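Chain by chain, the residues run as shown.
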Amino acid sequence: MSIPMYKKIQQDLFHLIVSGQLREGDKVPSESELMAHYYVSAITAKNALNALADQGLITRVRGKGSFVNSSPYSVSRAESLTLPLSIGAIFPSLSSPIDQNYIMILNELCQKNNHHLYTCCSLENCRQEQELLEQFIKNGIQGTIVFPVVNERTNPLLSRLTSRANHGKPYPLVFIDRYLENIKCSHVVADNEQGARLAAEYLLNTVDGQAAILHFPLVNSAVNERYQSFRSAFLKAGSSFTVQNDCLINDLHLLNQTSENRIEYIMNTILTYLNRHSHLRGIFCTNAEIAQIAYYAVIETGRMPGVDFEIVSFDPPYLPGVHFIQQDSRAMVQNALNLLLAQIRGDFSVIHTRIPTSFIYMDIHPTQAHSLRYLIKGPNQPF
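Residues numbered from 1 in each chain as written. Predicted model: local features only at pLDDT ≥ 70, side-chain atom pairs only at ≥ 80, totals over all residues. Heavy atoms only, no water.

## Considerations on the state of the cysteines
Rules: The disulfide criterion used throughout: a pair of cysteine sulfur atoms within 2.5 Å.
Taken as a whole and judged by the stated rule, the model has zero disulfides. Cys 120 takes part in no disulfide bond, and the closest cysteine sulfur, belonging to Cys 121, lies 8.6 Å away.

## Concerning helix α10 (residues 259-276)
The line we're drawing: The way it works is that DSSP assigns letters per residue, a run of H or I at least four long becomes a helix, a run of E at least two long becomes a strand, and they are numbered from the N terminus. For a helix, the expected span equals 1.5 Å multiplied by the number of residues minus one. Relative accessibility decides the category of a residue: with a 1.4 Å probe and only protein chains considered, values under 20% of the type maximum give buried, values over 50% give exposed, and everything between is partly exposed. Residue contacts are defined here by distance: any two heavy atoms, one from each residue, within 4.5 Å place the two residues in contact.
Counted at 1.5 Å a residue, the expected span for α10 with its 18 residues is 26 Å, and the 26 Å between its end C-alpha atoms agrees. Within α10 the residues assigned to the buried category are Arg 262, Ile 266, Thr 269, Ile 270, Leu 271, Tyr 273 and Leu 274. Buried positions along α10 lie against β9 (211-215), β10 (246-248), β11 (282-285) and α11 (288-300).

## Points about the packing of aromatic side chains
Quick note on the threshold: Stacked, tilted and edge-to-face are the three classes assigned to paired rings of Phe, Tyr and Trp, where Trp is represented by its six-membered ring and a pair needs centres within 6.5 Å; plane angles under 30 degrees give stacked, over 60 edge-to-face, the rest tilted.
Applying the stated criterion across every chain, the model contains eleven aromatic pairs. Relative to Phe 359, the ring of Tyr 202 has its centre 5.0 Å away and its plane inclined at 35°; by these criteria the two rings are tilted. Of this pair, Tyr 202 sits in helix α8 (residues 192-206) while Phe 359 is found in strand β15 (residues 358-360), placing the two residues 157 residues apart along the sequence. You can call Tyr 202 buried: its relative accessible area is 15%. What makes Phe 359 partly exposed here is its relative accessible area of 23%. Consider the rings of Phe 230 and Phe 241, whose centres lie 6.4 Å apart with planes at 70°: the pair is edge-to-face.

## Quick word on the sheet that holds strand β13 (residues 322-326)
Filter applied, for reference: The pairing criterion for strands is at least two bridges between them, as found by DSSP. Orientation is described by axes fitted as lines to C-alpha atoms, over the contacting stretch for helices, and by angles from 0 to 180 degrees between their N-to-C directions.
With mixed pairing, the six strands of this open sheet are ordered in space as β10-β9-β11-β12-β13-β15. Of all strands in the sheet, those bounded by a partner on one side alone are β10 and β15. Across the sheet, the mean angle from the axis of one strand to that of its neighbour is 20°, orientation sign disregarded. Across the sheet, α8 touches β9, β11, β12 (310-314), β13 and β15, and the angle it forms with β12 is around 175°.

## Structural notes on the nonpolar core
For soluble globular proteins, the rule of thumb is that nonpolar side chains tend to be buried together. Keep this limit in mind: In this text, buried Ala, Val, Leu, Ile, Met, Phe, Trp, Tyr and Cys residues form a nonpolar core when linked through side-chain atoms within 4.5 Å.
Counting residues in hydrophobic clusters, the biggest one holds 42 residues, and the most contacted among them are Ile 87, Tyr 102 and Ile 176. Counting residues per element, the ones that place at least two in this core are α1 (5-18), α2 (31-38), α3 (42-54), β4 (86-91), α5 (97-112), β7 (173-176), β8 (187-190) and α12 (329-344). Of all the elements, α12 adds the most residues to this core, at eight residues. Apart from the residues within four sequence positions on either side, Ile 176 is in contact with Tyr 102, Ile 145, Val 146, Phe 147, Pro 148, Val 188, Met 332, Val 333 and Ala 336.

## Things to note about the pairing of β7
Across the two faces of β7 the burial is the same, with Leu 173 and Phe 175 and Val 174 and Ile 176 all buried. When strand β6 (residues 143-146) meets β7, the two strands line up parallel, connected through three bridges. From the neighbouring strand, Ile 145 faces β7, where its bridge partner is Val 174. Of the pairings in the sheet, the one linking β7 to β8 comprises two bridges and is parallel in character. By the bridge assignment for β8, Phe 175 is matched with His 187.

## What about the side chain of Ser 221?
The following threshold applies: Whenever a nitrogen or oxygen atom comes within 3.5 Å of another N or O atom, the pair is scored as a polar contact, on the condition that within protein one atom can donate a hydrogen and the other can accept it, and that pairs from neighbouring residues in sequence are kept only if both atoms are in side chains.
Secondary-structure assignment places Ser 221 in helix α9 (residues 221-236). Residue class for Ser 221 comes out buried when judged on its relative accessible area of 6%. Polar contacts involving the side chain of Ser 221 include one to the main-chain amide nitrogen of Tyr 179, which spans 3.0 Å. With near-sequence residues (within four places) excluded, Ser 221 lies in contact with Arg 178 and Tyr 179.

## Comments concerning the packing of α8 against α9
Quick reminder of the rule: Angles below 35 degrees are treated as roughly parallel, those above 145 as roughly antiparallel, those between 65 and 115 as roughly perpendicular, and all remaining angles as oblique. Crossing handedness: left-handed means the near helix sits turned counterclockwise from the far one by under a right angle, and right-handed means the same turn made clockwise. Residue polarity is assigned by list, with Asp, Glu, Lys and Arg as charged and Ala, Val, Leu, Ile, Met, Phe, Trp, Tyr, Cys and Pro as nonpolar; anything else, Gly included, falls into the polar class.
At a minimum axis distance of 8 Å, the contact between α8 and α9 shows a crossing angle of 40°. On the basis of their axis angle, the class for α8 and α9 is oblique. Crossing of α8 over α9 shows right-handed handedness. Where α8 approaches α9, its residues Asn 192, Glu 193, Ala 196, Arg 197, Ala 199, Ala 200, Leu 203 and Leu 204 are matched on the opposing element by Ala 222, Glu 225, Arg 226, Ser 229, Phe 230, Ala 233 and Phe 234. Its residues assigned to classes, the contact of α8 with α9 shows nine nonpolar, two polar and four charged.

## As for the pattern of salt bridges
Inclusion rule: A pairing counts as a salt bridge when a side-chain nitrogen of Lys or Arg comes within 4 Å of a carboxyl oxygen of Asp or Glu.
Taken as a whole and judged by the stated rule, the model has seven salt bridges. Measuring nitrogen to oxygen at the nearest pair gives 2.9 Å for the salt bridge that ties Arg 330 to Glu 108. Of the two residues, Arg 330 is situated in helix α12 and Glu 108 in helix α5; the sequence distance between them amounts to 222 residues. For Glu 108, a relative accessible area of 39% gives the class partly exposed.

## Regarding the environment of Asn 155
Relative to the helices and strands, Asn 155 is located in the loop between β6 and α7 (156-161). Exposure remark for Asn 155: the relative accessible area of 1% places this residue in the buried category. Taking the C-alpha atoms as reference, Asn 155 lies 7.8 Å from Cys 126; in sequence the two are 29 residues apart. Filtering out sequence-adjacent residues up to four positions away, Asn 155 remains in contact with Cys 126, Glu 129, Gln 130, Leu 180 and Ile 183.

## Examining the packing of α5 against α12
It is at 9 Å that the axes of α5 and α12 come closest, and there the two elements cross at 50°. Taken together, the axes of α5 and α12 are oblique relative to one another. Note on packing geometry: the crossing formed by α5 with α12 is right-handed. Contacts between α5 and α12 involve Asn 101, Tyr 102, Ile 105, Leu 106, Glu 108 and Leu 109 on the former and, on the latter, Ser 329, Arg 330, Met 332, Val 333, Gln 334 and Leu 337. Each residue belonging to the contact of α5 with α12 can be placed in one class, and the counts come to seven nonpolar, three polar and two charged.

See below:
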């Protein structure tokens, strides 16, 4: 995870020049000053300055010091410089398709632009997230994209890093997918409200509102926005929204336990709910994990997803007959990386970006329907 010290010094001086803190003709810290500030050897300090000189950013004058050649305090000039950056990314999980997709796209974009990417997993643990971020900073990572943990409402470290109290300037930081309302930080998220509204409108039209939303506790921005928008769409359409339309899966006590225990709990919660409200003809699952488990719970009740029971998922669960809300993951990652690079260059404007979603209708093929009948009734029982 760590980078050579001469490169860290080189990067720090580079960004002082790019941000305009060191302008044309300004004297750059000397080798001895760099040695004292970074606790490094003379050769390390010399290598850092030589690297900047090789790029043409500074001129080294024997006996006088090093000086900035020209001021690159403009976007076009700054973007033309190709010094590799060290980018960090902290995700809550490395197992879900959404996290994996984000990581693959981010890795592709960083490789394309010659940036070094360092990725870690917080395991949905706030303390682990803070420790990883502290380690990133200690090892010279210049900016980090964070997918906040599921039940995070506030984070003292994030609050400090994004404030001017952090050594006079914020640390480059961008949230993706979720955000924290009480932390002033740029974020890029899917348009959760639009997606949930599309799901609600589909279920209102196809099953006349005899549908429910299946969701985890409203402890983060994504789940909260999806839930509130789905509920509002029902009420706006003149349909009632009661306990029979609302299935809470309170899994917070199982987040750090084995996946088997958690899956069993989610399955039992959904199955109990569907049996209690047997009149329901459709559900909206606020993420793909819930949809994947709910799919088999619906089958357990003797109904066929995509045939006589509608399932809509936020994100694709990759199951026959299950419609889904599609996020534009590439646009989200590209926007998050652009915002982070702008911060690294000195622009800490707080920007909130919502990326539009789309509704993907998944018809069910006759062979898939036959397979579902087999799952529900068995091979020798008529459907």
